[in-house]
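Coordinate inspection notes
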Amino acid sequence: MSQPVLEVKQLRKSYGSEVVLEDISFSVPVHTATVFIGSSGSGKSTLLRCINLLDQIDDGSIVLDGEDITAVDADVDKVRRKLGIVFQSFNLFPHMKVIDNITLAPMKVQGISKEAARENAYKLLDRFGLHDKAENYPDRLSGGQQQRVAIIRSIAVAPRLLLLDEITSALDPVLVNEVLSTVRDLKIEGMTMVLATHEMGFAKQVADEVCFLHHGKILEWGSPAQILEAPAQAETKEFLKRVHEAGRL
Amino acid sequence: MGRPSESDSGAAPYDFGGEWVPSQLEIARRAARKSRNIRNSIIAVVSSIVVIGGLALIAVTSPGWKSLSDTFFAWAYGVEVLPKIILGFGTNVTLTLIASTCVAILGLSIALVRTSRSPALAPFRILATLYVDIFRGIPMLLVILLVGFGIPALRIQGLTNNVLILGTIAVIITYTAYVAEVIRSGILTIHPSQRAAARSLGLSHFQSLRYVVLPQAFRRVTPPLLNDLVALIKDTGLVSILGVTDAVRAAQIASSRSFNYTPYVMAAIIFLLVTIPLTRFTDRTLRRSIERQNATGVA
Ligand SMILES: Nc1ncnc2c1ncn2[C@@H]1O[C@H](COP(=O)(O)OP(=O)(O)OP(=O)(O)O)[C@@H](O)[C@H]1O
Ligand SMILES: [Mg+2]
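Residues numbered from 1 in each chain as written. Chains lettered and ligands numbered in written order. Predicted model: local features only at pLDDT ≥ 70, side-chain atom pairs only at ≥ 80, totals over all residues. Heavy atoms only, no water.

Taken from UniProt, the Sequence similarities (unreviewed entry) comment for chain B reads in full: "Belongs to the binding-protein-dependent transport system permease family. HisMQ subfamily." Looking at the Subcellular location (unreviewed entry) heading of the UniProt record, one finds this comment for chain B: "Cell membrane". (UniProt positions renumbered as here; feature names shortened; annotations may be inferred.)

Note on chain A: under the UniProt heading Subcellular location (unreviewed entry), the record states "Cell membrane". Taken directly from UniProt, the Sequence similarities (unreviewed entry) text for chain A runs: "Belongs to the ABC transporter superfamily."

1. Let's talk about the UniProt feature "domain: ABC transporter" (unreviewed entry) in chain A
Per the UniProt record, "domain: ABC transporter" (unreviewed entry) is found at residues 6-240 of chain A. The span residues 6-240 of chain A is 38% helical and 25% strand by assignment, and the distance between its end C-alpha atoms comes to 27 Å. (Helix = DSSP H or I, 4+ residues; strand = E, 2+ residues; numbered from the N terminus.)

2. Quick notes on the pairing of strand 7 (residues 161-165) of chain A
All names here are of chain A. Burial within strand 7 is extensive, with five of its five residues counted as buried. Going residue by residue along strand 7, you find Leu161, Leu163 and Asp165 tucked away on one face and Leu162 and Leu164 tucked away on the opposite face as well. The pairing of strand 6 (residues 83-86) with strand 7 spans four bridges and is classified as parallel. Counterpart to Ile85 in the pairing with strand 7 is Leu163. Pairing geometry for strand 7 and strand 8 (residues 193-196), over four bridges, is parallel. Considered in strand 8, the bridge of Leu163 is made with Val194. Regarding topology, helix 6 (residues 173-189) serves as the crossover connection from strand 7 to the parallel strand 8, and that connection is right-handed. (Buried < 20%, exposed > 50% of the residue type's maximum accessible area, 1.4 Å probe, protein only. Pairing = 2+ DSSP bridges. Right-handed = clockwise from strand over helix to strand, strands pointing away.)

3. Let's talk about the nonpolar core
Of all hydrophobic cores here, the largest spans 47 residues; its most connected members are Ile37, Ile102, Leu125, Leu164, Val183, Met193 and Leu195 of chain A. Ranked by the residues each element gives to this core, the list is headed by helix 6 of chain A, at six residues. There are two domains that each give this core at least three residues, and those are domain 1 (9-82 + 160-249) and domain 2 (93-159) of chain A. One finds Leu104 and Val194 of chain A together with Ala196 and Tyr211 of chain B within the second-largest nonpolar core, a separate group that totals 43 residues. (Core = buried A, V, L, I, M, F, W, Y, C linked by side-chain atoms within 4.5 Å. Domains from an automatic or database assignment.)

4. Examining the packing of helix 3 (residues 75-115) of chain B against helix 6 (residues 163-189) of chain B
Residues and elements named next belong to chain B. Taken N-terminus to C-terminus, the directions of helix 3 and helix 6 make an angle of 40°; their axes are 6 Å apart at the nearest point. Between helix 3 and helix 6, the angle falls in the class oblique. The two elements helix 3 and helix 6 meet at a crossing, and its hand is right-handed. Among the residues forming the contact of helix 3 with helix 6, the class breakdown is 19 nonpolar, five polar and three charged. (Axes fitted to C-alpha atoms, helices over the stretch in contact; angles between N-to-C directions. Parallel < 35°, antiparallel > 145°, perpendicular 65-115°, else oblique. Left-handed = near helix turned anticlockwise from the far one by under 90°. Nonpolar A, V, L, I, M, F, W, Y, C, P; charged D, E, K, R; others polar.)

This is the structure:
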């Protein structure tokens, strides 16, 4: 077995006196997807922000490709170049056209020529059916299209690991599917991913491992079938029951 | 505008089966709307003529009109002194160009220092805050007097006594404080998630600022900055107090020679010829920027 892309060891994170994440350990092998589920406020977003070094951790370590990115001498900018993150609220740059949103990082961070960056961006837009939106500004796109552009923007730098934080929760139900199918395509192509989601059906489809986060702790983990269909813990059962009740019937 | 064929969302989701023909109801609605618009325009024009014409008539027929127009609107004399005033206005224009360039650079620098969080810049942050607080709170005339008369009084070798340069410096000092605040407020209105998105793509702190935060901030502060530019043009007239021969000073010289105030009116007109178009332009920019923000604000 080769070395995992990501390894989180005994991570702890608190905001002031409130402990948000405690004793979080898991690893993500290459070409696999790890999905975090759990109720609102359980710490999913915080975990992804910590992995991306947008938040500082209190204890433990995060190892990316065998390198401890939480070490004192870690180069934050260099680490972020290996990671892509897509937020719940898209966060496209509103003053740039779609194509410029996508080519900014390849050009400025990786030093790729404008022509090559645009060519690659068009290839990605093509593949996800957004070719004709390249010259539009983000506010002319639907929510689903904006989120797909955000995904393309984050994979245009060819990250080692993609972090997706509830990327469909700000979308109309009808727009959710186009975004999820984009993620499924990425999975098939072998992208290594860590996701937080409320979509259990989707989790079942893409996850290699599902972790149930409860009050900042991983209460239970395992294959999608195991966690989503035959959970062992009472809290997991309770959570899944509530999701099904609130779920899109 | 309501034509579905105008939507540019790629493939048309519905096929309306050829040209759309407005219904009888819609045609009637449009006719009613049109006649209402025409009636509104006529009312506006007539009432404007009556009110403004009436006011003009009252002014012209009043007993004081003769002496008023002799004192302020002696056009023949005005045209005679116009070349001198225009020449003086050249100074105002030059001063505006130089000052606005310097103010833009210095204002941006101070705004960046004030919004940075780097510990190394802490002392500069304090100084910048102090500077802005002080020079936003003093009348500009005082700054002009302090710099224009105060610095020559120091009699320091190598320091200029040129009142034009000193006046320009005073204007720059004051306006930099205003503009720095405007730019800073623009930077602060950009949501932190934009910076987070840029940083997570691997852009450095400086690159995030340069490509993501500042372009958006500048768009938001363009209208207030244009307002400041109009104010700056007018305020360059204040340096005349140092003896700089600008449009105001040229008018003052001409007026004191003849005891007629038409030169001041001429100077005012010249200022208006520049400031009114700029003010209209500012209004338009503001309206567009509000429209744009409303459009994106929904997302
Ligand atoms: N910047 C912050 N300062 C203080 N507390 C915070 C901060 N960010 C998050 N928290 C707290 O951390 C906890 C976990 O938040 P987080 O956003 O990670 O939850 P989540 O699992 O992503 O929830 P959701 O499903 O609603 O997105 C919450 O109790 C929240 O109040
Ligand atoms: Mg969250």
